[in-house]
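Structural characterization, general
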Amino acid sequence: MRYLPNLLTLSLAMLISFFVSAQQNTGSISGAIIDGSAKTIEAATIRLIQASDSSLVKVGVADKEGRFIFEVLPFGRFRVSVTAVGHETAFSGPVEISPASPAATIPTIELVPVSKSMGAVTVTARKPFIEQKPGKMVMNVEASPTSAGMTALELLEKSPGVTVDNDGNISLKGKAGVMILIDGKPTYMSGADLTALLKSMQSSNLDQIEIMTNPPAKYDAAGNSGIINIKTKKGIVKGMNGTVNGGYTQALYSRFNGGFNLNYRNNKLNVFGGYNAGTWHGYNIIEISRNIYQPDKVTLKNTIDQVSRPHNQGTFHNAKAGIDYNFSKKDVAGIVINGNFSDGKDDPRSNSFIRDVNGSFVDNLRSDSRNSRNNNNVTANINYKHTFDSSGREISTDIDIANYRMRGRTLLNTRSFNQTGQEDGQLVSLRGILPSDINIYSAKIDYVHPLKKGWKLETGLKSSYVKTDNKVDYFRGENENWVKDNRSNHFLYNENINAAYAILSGSLKKWEITGGLRAENTVADGLQMSNDSSFRRNYTNLFPNVGLGYNLNEKNQFNLSYSRRVQRPNYGDLNPFTFFLDSLTYQQGNPYLQPQFTNNIELTHTWNRILTTTLNYTKTSDVITELIKQDGNKSFQTRDNFNEMQQLGLAVMANVPVKKWWNSNIYVMGFKNSFKGLYSGEQVDLGFTTLIANATQSFTFGDGWSAEVSGWYRTKGLEGLLVIRSIGALNAGVSKQLFKKKGTVKVGVRDILYTQQFKGYAKYSDVDLTLAGRRDSRQLNVSFTYRFGKSNIAGERRRKPGASDEQGRVGGGN
């Protein structure tokens, strides 16, 4: 925290220099609205959008005479869209304001009544499930009936280009290292902790999922493959409203969830909160076959066949409360507190057969474990925003504080049996106590300054400080006593990151230009108490981000972008601890992990806002790779820096309205991942070409009915140095609106054909194994949501706090 006061003082001094700049020249756009009978329409919603990419600039309402005006506008080219109850949406043609012509009047816009154009058919506006927008892809959760009863993690599984492996690790376009945000805020989690949080978030509380592969420089440079922002629901008017929801999922085991959200808003005050709770219950079957070699790595020594059956269950409770207060039309401040609490346990049982080179029996090891884990995570965000004028000049600050308290216990018993199934060895017991505490402090300040002719300057500063205290105490069972094991350890890690960025963006005729630069300095200290070893790192890096868009015509847009990004090791992956699945299989951290750096370039073409094609090339150095290593008969999973990874990919997405009641979205991506590096002194070169396909068919029927059929498929490819065989799933669902559209019931079935089964192999140096995993993926989901009070009340403001890097790095060590 000692860095924060100096940083904020410096940031304020830097930004005040912008405030004294002269007021730039501005213009205005006005017009009028009538309906098909030439009558004026009052209270129509008017949206001013950029002519180049349809991004929103301002929102207004027509007066009693149907007139509207937007004032204090930066010079540029715009369009106007108009919506009104009972009428179709209408758009104006492009209009430009400039120093030579600062005031423009749009020709009168005529709205066509729905009854005239649709034969009196009742039309309900419905967003498509997937939309391609400038710089990002958007999933509208509510538009998908098969989303009923799903968790956020399961929704990501069906997202275009997103892959979730058997352990819950998330990849984007075949690349690991995704940063996860919630409402633009950090989650402060990764690994098993992030998986648990995403499993506790229900689809009934989610609005959209945004996928950004080349985020701008205002975001932290962390995230090798991009950013996924999960947005909760919000609306747009005053009053009080709320939702109550409940869900039931049946697979081999059942699970429940339920909760509520409340929101109240008046002229100055917005109070919001919610609570969600539920259970999870599942299983996994893991089969591993290993070939163990002599030191020459050629001559076979023995084989091991192993089956492990983890069974897990637990409960979760999520609570949220906050307040926004508008001191004036230009000043708003707020605070929001989130709490995530969970208790879980699992009891994996493993059966391993060891055979010699001739296939003869050597030993049979049977392990059973009892593991428990308790997580108490509390985060708080304090924020303030001042808007100088309607041109968009504003300054905002965010302070984030987070505390993560995790307590784990484990007991592993291993017995040896002979060929006849009789126990012939001494019981080997290992007991572990695993406490972990992580405290994160972050502050940032951002400033936006519109310039002449539609250009804009954005700049800001950020500082974060992270303190972790991780301990593991292992005890061996000996003669009915517990003796401390030498695998016990205590690891302390502190990290301070200071960053500054600037972005300049604007347009020149048909060109859209964005250029940004972010500088980050990292100071990190680590200390292993068990052997009194330590390390210190201090490095500074620059992260440029450039975007160039060209609007050829109304139907063809091109965009070229480049960015450099960093992926720092997760805090849990730095812990040099050992976590056991059984006596022959474990996971181990690596305190010597270095950050990886990625250069990414993308070329995108969009045709008629229907077909989007993207070509990308990525090169990552010192890539943090998940490796499997051999230690005699034991295999362990760890992470290490591999020399290099390259990817060349091509993606195509089509969003086609086949009929008025049928929308089709198809996403196909092909890419080749190539890994090169050294493992145990040997050169390893691996490369695979992979195809990923997602398809969603959405149907809207009368009387509040809708349905969806969706599926995804991935061919054989690489996850690190592990080759994953083809995998996919087919889903279907139906939804019905009830109680005058205040209630919605959804029924969905996931993985209908039970094809979401993991299979793979690893073969390099002395590693030679195959593995397969099956889990409780075929599920029936039923959910019901009831909305009460005024609809479309504005929820809490979207905040973008400054701990975006740290948010994705908690956990990973179990």
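Residues numbered from 1 in each chain as written. Predicted model: local features only at pLDDT ≥ 70, side-chain atom pairs only at ≥ 80, totals over all residues. Heavy atoms only, no water.

**Concerning the overall build of the protein chain**
Selection rule: To qualify as a helix, a DSSP run of H or I must reach at least 4 residues; to qualify as a strand, a run of E must reach at least 2; elements of each kind are numbered from the N terminus. Per-residue accessibility, obtained with a 1.4 Å probe over protein chains only, is compared with the maximum for each type, and a residue is labelled buried under 20%, exposed over 50%, and partly exposed between these values. We call two residues in contact when some of their heavy atoms are within 4.5 Å. Shrake-Rupley sampling with a 1.4 Å probe provides the accessible areas, and residues are treated as covered by the protein chains on show and by no other component.
Along the protein chain, the regular secondary structure elements total 6 helices and 49 strands. Burial analysis of the protein chain (814 residues in total) assigns 52% to the buried set. Sequence separation of at least 24 residues holds for 67% of the intrachain contacts in the protein chain that already meet a minimum separation of 6. Of the roughly 35,600 Å² that the protein chain leaves accessible, carbon and sulfur atoms contribute 57%.

**Brief notes about the confidence of the model for the protein chain**
The condition is simple: You can read pLDDT as the predictor saying how much it trusts each residue, on a scale of 0 to 100.
Across the protein chain, the average pLDDT comes to 82, with 84% of residues at or above 70. Confidence drops under pLDDT 50 across residues 1–24; counting only partners more than four residues distant or on other chains, this segment forms 39 contacts. In the predicted structure, residues 115–125 sits below a pLDDT of 50 and forms 10 contacts with residues beyond four places in sequence or in another chain.

**Section: unusual backbone geometry**
Even without being a glycine, Lys297 presents a positive backbone phi close to 65 degrees. Mapping Lys297 onto the fold places it in the loop between strand E21 (269–293) and strand E22 (300–309). Under the relative-accessibility criterion, Lys297 is labelled partly exposed at 25%. Even without being glycine, Asp703 reaches a positive phi, approximately 60 degrees.

**Some words on the nonpolar core**
Looking at soluble globular proteins, one finds that nonpolar side chains tend to be buried together. As a reminder, the rule being used: Buried Ala, Val, Leu, Ile, Met, Phe, Trp, Tyr and Cys residues form a nonpolar core when they are joined through side-chain atoms within 4.5 Å.
Formed by 28 residues in total, the largest nonpolar core has its most connected members in Leu156, Ile170, Ile180, Leu198, Ile209, Ile228 and Ile230. Per-element tally for this core: the top contributor is helix H3 (residues 152–157), with 4 residues. If we skip the residues at most four places from it in the chain, Ile209 touches Met137, Val138, Met139, Val141, Leu155, Leu156, Ile228, Asn229 and Ile230. One finds Ile438, Leu574, Phe580 and Ile624 within the second-largest nonpolar core, a separate group that totals 24 residues.

**Focus: the side chain of Asn556**
The line we're drawing: Contacts described as polar in this section are N or O atom pairs within 3.5 Å, which, within protein, must combine one atom able to donate a hydrogen with one able to accept it, while residues neighboring in sequence count only if both atoms come from side chains.
Take Asn556: it is sitting in strand E34 (residues 556–567). Among the polar contacts listed, one links the side chain of Asn556 to the side chain of His605, at a separation of 2.9 Å. Setting aside anything within four residues of it in sequence, one finds Asn556 in contact with Tyr550, Asn551, His605, Thr606 and Trp607.

**Thoughts on the layout of surface pockets**
The condition that has to hold: Whether a set of points on the 1 Å grid over the protein atoms alone is a cavity depends on a 1.4 Å probe fitting there but being unable to get out, while an open set qualifies as a pocket with protein on both sides within 12 Å along at least five of seven lines; lining residues are those with an atom within 4 Å of a point. Grid points are joined across faces, edges and corners, and a volume is the space filled by probe spheres set on the points. In this classification, Asp, Glu, Lys and Arg are treated as charged, Ala, Val, Leu, Ile, Met, Phe, Trp, Tyr, Cys and Pro as nonpolar, and every other residue, Gly included, as polar.
Computed from the structure, the second largest pocket encloses a volume of approximately 250 Å³. Looking at the lining of the second largest pocket, the elements with two or more residues in it are strand E27 (394–417), strand E28 (428–450) and strand E29 (456–478). Classifying every residue of the lining of the second largest pocket gives 6 nonpolar, 4 polar and 4 charged.

**Side note on a nonpolar patch on the surface**
Operational definition: Patch rule: a residue counts if its relative accessible area is over 30% and it has no salt bridge; like charges are joined within 9 Å, and nonpolar side chains (Val, Leu, Ile, Met, Phe, Trp, Tyr) within 5 Å. Only one rule defines a salt bridge in this text: a Lys or Arg side-chain nitrogen within 4 Å of an Asp or Glu carboxyl oxygen.
On the surface, a cluster of nonpolar side chains totalling about 840 Å² of accessible area is made up of Met240, Tyr264, Val271, Ile323, Ile335, Ile337, Phe341, Val378, Ile382, Ile399 and Ile401. Going through the elements one at a time, strand E24 (331–346), strand E26 (361–387) and E27 are the ones with two or more residues in the nonpolar patch. In this fold, Ile323 is placed in strand E23 (residues 311–326). Accessibility expressed as a relative area gives 33% for Ile323, which makes it partly exposed.

**Let's talk about the environment of Tyr264**
For Tyr264, the location among the structural elements is in strand E20 (residues 254–265). According to the relative accessible area criterion, Tyr264 is partly exposed, its value standing at 31%. For the pair Tyr264 and Met240, spaced 24 residues apart in the sequence, the C-alpha separation amounts to 4.3 Å.

**Notes on the pattern of salt bridges**
Within this structure, the stated rule accounts for 23 salt bridges. Ionic contacts of the salt-bridge type, sharing partners, join the residues Arg476, Glu478, Asp485 and Arg487 into one network.

**A short note on the environment of Lys329**
Tracing the backbone through its elements, the reader meets Lys329 in the loop between E23 and E24. According to the relative accessible area criterion, Lys329 is exposed, its value standing at 89%. Sequence separation of Lys329 and Phe388 is 59 residues, and the distance between their C-alpha atoms is 9.8 Å.

**Section: the environment of Ser390**
If you trace the backbone, Ser390 turns up in the loop between E26 and E27. Residues Ser390 and Phe70 lie 320 residues apart in sequence; the distance between their C-alpha atoms is 9.7 Å.

**So, the packing of aromatic side chains**
Rule in force here: Aromatic pairs are defined between Phe, Tyr and Trp rings, using the six-membered ring for Trp, whenever the two ring centres lie within 6.5 Å; interplanar angles under 30 degrees are classed as stacked, those over 60 as edge-to-face, and all others as tilted.
Scanning the model with the defined rule gives 22 aromatic pairs in all. Summarising the aromatic geometry, the rings of Tyr253 and Tyr283 are spaced 6.5 Å apart at their centres and angled 70 degrees between planes, so their arrangement reads as edge-to-face. Remark: Tyr283 occurs in strand E21 and Tyr253 occurs in the loop between strand E19 (239–250) and E20; sequence separation between them is 30 residues. You can call Tyr253 partly exposed: its relative accessible area is 27%.

**Observations concerning the pairing of strand E47 (residues 758–764)**
Put simply, the test is: Should DSSP find at least two bridges between two strands, the strands are regarded as paired.
Taking every second residue as pointing to the same face, the buried face of E47 carries Phe758, Gly760, Ala762 and Tyr764, while none of Lys759, Tyr761 and Lys763 on the other face is buried. Here strand E44 (residues 722–724) runs beside E47; their pairing, made up of 2 bridges, is antiparallel. Its bridge partner being in E47, Ile724 is matched across the sheet by Gly760. When E47 meets strand E48 (residues 767–775), the two strands line up antiparallel, connected through 7 bridges.

**Observations concerning the side chain of Arg290**
The condition is simple: His residues and chain termini do not enter the charge count, which takes Lys and Arg as positive and Asp and Glu as negative.
Position of Arg290 among the secondary structure elements: in strand E21. Notably, Arg290 is buried but unbridged: the nearest opposite-charge side chain belongs to Asp582, and the N-O separation is 5.3 Å. Among the polar contacts made by the side chain of Arg290, one reaches the side chain of Gln306 at a distance of 2.4 Å. Of note is the side chain of Arg290, whose polar atom sits 2.9 Å from the side chain of Ser635. Beyond its immediate chain neighbours, meaning those up to four positions away, Arg290 contacts Asn302, Thr303, Ile304, Gln306, Leu584, Thr585, Gln630, Asn633, Lys634, Ser635, Asp768 and Leu769.

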